[in-house]
Amino acid sequence: MKIHNFSAGPSILPKQVIRKSAQSVISFNQSGLSLLEISHRSKDFIEIMEKTTELVKRTMNLNDDYSILFLQGGATLQFTMVPSNLMNREAAYLDTGIWANNAIKEAEKFGKVRILFSGKKKNYTYISKNYKVPNEVDYFHCTSNNTIVGTQMKIFPNTPIPMVCDMSSDIFSRKLNFCQFSLIYASAQKNVSSAGMTIVIVKKEILGKIKKRNIPSYLDYMIHIKNNRIFNTPNVFSIYTSMLTLEWIKNKGGLSILEKENEYKAQLLYDEIDKSNLFENKIHKENRSNMNVTFFLKKKNLENKFNKMWKKENIVGLDGHRYLGGYRASIYNALSLDSVRFLIHIMKEFEKKFS
Ligand SMILES: *Cc1c(COP(=O)(O)O)cnc(C)c1O
């Protein structure tokens, strides 16, 4: 029986990507050696690095002003690396969710943080457009998709200040003008690959401007760039799997095709929730995420019945985040339209029975 995987992260990947990466663990390129047993400095692995880098650049339409790094420590380490490399005095942040808030807490250890907007009082259900990025800060930080509550930034400010974005849960899900960002980071386990690797895309010209601190080597983007992006042993398996996912994206026709599919899947699901007497979504319509669709039962006493129903139908990962409760359908690139339709079908069945 087919399993419908709505997990938030680690999460669903294309079947063919899983198959091919599994094969490479047994025997990489028919060499008789596992991908896990070859040197990260071997010709075979260097080729994987180069190809993955090219695919990232081509998919996002980036030029050689940018360097692509594959680091460890998750998006969480980027909460520290960003201020450690970019903050001399003060930075501006948007507080749009729990991850954004974690990023702010780390940045505050390095200098002054100006919060331009906080959605906290409204439980992060909306993102204001009415803020202005000040001209005197070192950088501006935002989170493109708030995985836990289910909001997404649809527009980004126009500013001469370097814009840094945590795209962990919507990278490669839509077409954006990626050149407007000076630094993008995304942990791989939501929409790209296995956990343990973070893609960092950094415009080289913003680096090397820190006056007052000695950046620890691993935390210094410049050290990674100077060491041909293999300063230490990278997550070989996750980089290879990213390459496969990027090839899958390319074969599908790139980000504009995926964006349309993702919008369509999300719209179907939001429409069903809006029509329903039993379910509700609490997010401001303009800010609804196309990746993480959160919803709640209006009557809490029906939760056990609904849980029993979807679990019996081989739907997995639909539970809301532990902070929020309710439900969250993560509908990343690899989650099929069929799975979305199946979830809607189950929700309709539930309505028929319990409305
Ligand atoms: C998952 C997530 C993170 C944390 O990623 P780790 O790899 O666990 O450190 C940070 N930001 C966003 C937006 C996320 O979705």
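(A) Molecular detail of the overall build of the protein. Secondary structure assignment for the protein yields nine helices and 14 strands. Computed over C-alpha atoms, the radius of gyration of the protein comes to 21 Å, within 12% of the 20 Å expected from 2.2 N^0.38 for 355 residues, which places it in the range of a compact globule. Within the protein, the proportion of its 355 residues that are buried is 57%. Summarising the internal contacts of the protein: among those between residues at least 6 apart in sequence, 66% fall at separations of at least 24. Averaging the locations of the 52 positively and 32 negatively charged side chains of the protein gives two centres separated by 3 Å.

(B) Seen up close, the domain arrangement of the protein. By domain assignment, the protein separates into domain 1 (15-252) and domain 2 (254-354). Each of domain 1 and domain 2 has a C-alpha centre, and these two points are 27 Å apart. Every contact between the two is made by 27 residues of domain 1 and, on the other side, 27 residues of domain 2. Of the roughly 2,300 Å² buried between domain 1 and domain 2 on both sides combined, carbon and sulfur atoms contribute 56%.

(C) Focus on the sheet that holds strand 12 (residues 292-297). Spatially, the three strands line up as an open sheet ordered 11-12-14, and their pairing is antiparallel. Whereas interior strands pair on both sides, the edge strands pair on one side only; in this sheet they are strand 11 (279-280) and strand 14 (327-330). Relative to strand 14, strand 12 is paired through four bridges, and the arrangement is antiparallel. Its bridge partner being in strand 14, Phe295 is matched across the sheet by Tyr327. Lying on the sheet, helix 7 (residues 255-275) is in contact with strand 11, strand 12 and strand 14; it crosses strand 12 at an angle near 15°.

(D) Examining the site of the ligand more closely. Around the ligand sit 14 residues in total, of which Thr76, Thr147, Asp166, Gln189 and Lys190 are the nearest. In the environment of the ligand, an oxygen atom lies 2.4 Å from a nitrogen or oxygen atom belonging to the side chain of Thr147. The protein chains hide 88% of the 390 Å² of surface that the ligand would expose on its own. Tallying contributions element by element places helix 3 (residues 74-86) first for the shell around the ligand, with four residues.

(E) Highlighting the nonpolar core. Membership of the largest hydrophobic core comes to 53 residues, with the highest contact counts inside it found for Met60, Phe140, Phe172 and Ile201. Element by element, the count of residues in this core is highest for helix 6 (residues 236-252), at eight residues.

(F) Looking closely at the packing of helix 3 against helix 4 (residues 98-107). For the pair helix 3 and helix 4, the least separation of the axes is 8 Å and the interaxial angle reads 45°. As far as their axial angle goes, helix 4 and helix 3 are oblique. Helix 4 is crossed by helix 3, and the crossing has right-handed handedness. Note on element contacts: helix 4 touches helix 3 through Trp99, Asn102, Ala103, Glu106 and Ala107, opposite Phe79, Thr80 and Pro83. The residue inventory of the contact of helix 3 with helix 4, partitioned by class, reads five nonpolar, two polar and one charged.

(G) Broad picture of the packing of aromatic side chains. The tally for this structure, following the rule as stated, stands at 14 aromatic pairs. With a centroid separation of 6.1 Å and an interplanar angle of 40°, the aromatic rings of Phe279 and Phe350 are classed as tilted. Placement of the pair is Phe279 in strand 11 and Phe350 in helix 9 (residues 337-354), with a sequence separation of 71 residues. Overall, the relative accessible area of 2% leaves Phe279 in the buried class. Clustering of aromatic rings is evident, with ring pairs tying together Phe279, Phe295, Phe306, Trp310, Tyr327, Phe350 and Phe354.

(H) Spotlight on the pairing of strand 10 (residues 198-203). By the criterion of burial, strand 10 is predominantly enclosed, with six of the six residues buried. Because side chains alternate across strand 10, one face comprises the buried residues Thr198, Val200 and Val202, and the other comprises Ile199, Ile201 and Lys203, equally buried. When strand 9 (residues 183-187) meets strand 10, the two strands line up antiparallel, connected through five bridges. Looking at strand 10, one finds that Ala186 is bridged to Ile199.

(I) Spotlight on unusual backbone geometry. The omega torsion of the bond from Gly9 to Pro10 falls at -10°, within 30 degrees of zero and hence cis. Within the fold, Pro10 resides in the loop between strand 1 (4-5) and helix 1 (15-26). Phi is positive for Gln30, which is not a glycine, with a value near 55°. Relative to the helices and strands, Gln30 resides in the loop between helix 1 and helix 2 (43-60). Backbone geometry places Asn61, a non-glycine residue, at a positive phi of 60°. Among the structural elements, Asn61 can be located in the loop between helix 2 and strand 2 (66-71). Accessibility expressed as a relative area gives 61% for Asn61, which makes it exposed.

(J) Spatial organisation of empty space enclosed by the protein. Summed over the entire model, instances satisfying the criterion amount to three cavities of 30 Å³ or more. Of the voids in this model, the largest cavity is the one considered here, and its volume is about 40 Å³. Taken together, Phe70, Leu71, Tyr218, His224, Arg229, Ile230, Phe231, Asn232 and Pro234 form the lining of the largest cavity. Taken together, the residues that form the lining of the largest cavity break down as six nonpolar, two polar and one charged.

About the cut-offs
- Residues numbered from 1 in each chain as written.
- Predicted model: local features only at pLDDT ≥ 70, side-chain atom pairs only at ≥ 80, totals over all residues.
- Heavy atoms only, no water.
- Helix = DSSP H or I, 4+ residues; strand = E, 2+ residues; numbered from the N terminus.
- Rg over C-alpha atoms; globule rule 2.2 N^0.38 Å.
- Buried < 20%, exposed > 50% of the residue type's maximum accessible area, 1.4 Å probe, protein only.
- Contact = heavy atoms within 4.5 Å.
- Lys, Arg positive; Asp, Glu negative; His and termini not counted.
- Charge placed at Lys NZ, Arg CZ, Asp CG, Glu CD.
- Domains from an automatic or database assignment.
- Buried area = accessible area lost by both parts, 1.4 Å probe.
- Pairing = 2+ DSSP bridges.
- Axes fitted to C-alpha atoms, helices over the stretch in contact; angles between N-to-C directions.
- Near = heavy atom within 4 Å.
- Polar contact = N/O pair within 3.5 Å; in protein donor to acceptor, adjacent residues only side chain to side chain.
- Areas by Shrake-Rupley, 256 points an atom, 1.4 Å probe, with all protein chains shown as cover.
- Core = buried A, V, L, I, M, F, W, Y, C linked by side-chain atoms within 4.5 Å.
- Parallel < 35°, antiparallel > 145°, perpendicular 65-115°, else oblique.
- Left-handed = near helix turned anticlockwise from the far one by under 90°.
- Nonpolar A, V, L, I, M, F, W, Y, C, P; charged D, E, K, R; others polar.
- Phe/Tyr/Trp six-rings, centres within 6.5 Å; stacked < 30°, edge-to-face > 60°.
- 1 Å grid on protein atoms, 1.4 Å probe; cavity = no way out; pocket = protein on both sides within 12 Å on 5 of 7 lines; lining within 4 Å.
- Points joined across faces, edges and corners; volume = space filled by probe spheres on them.

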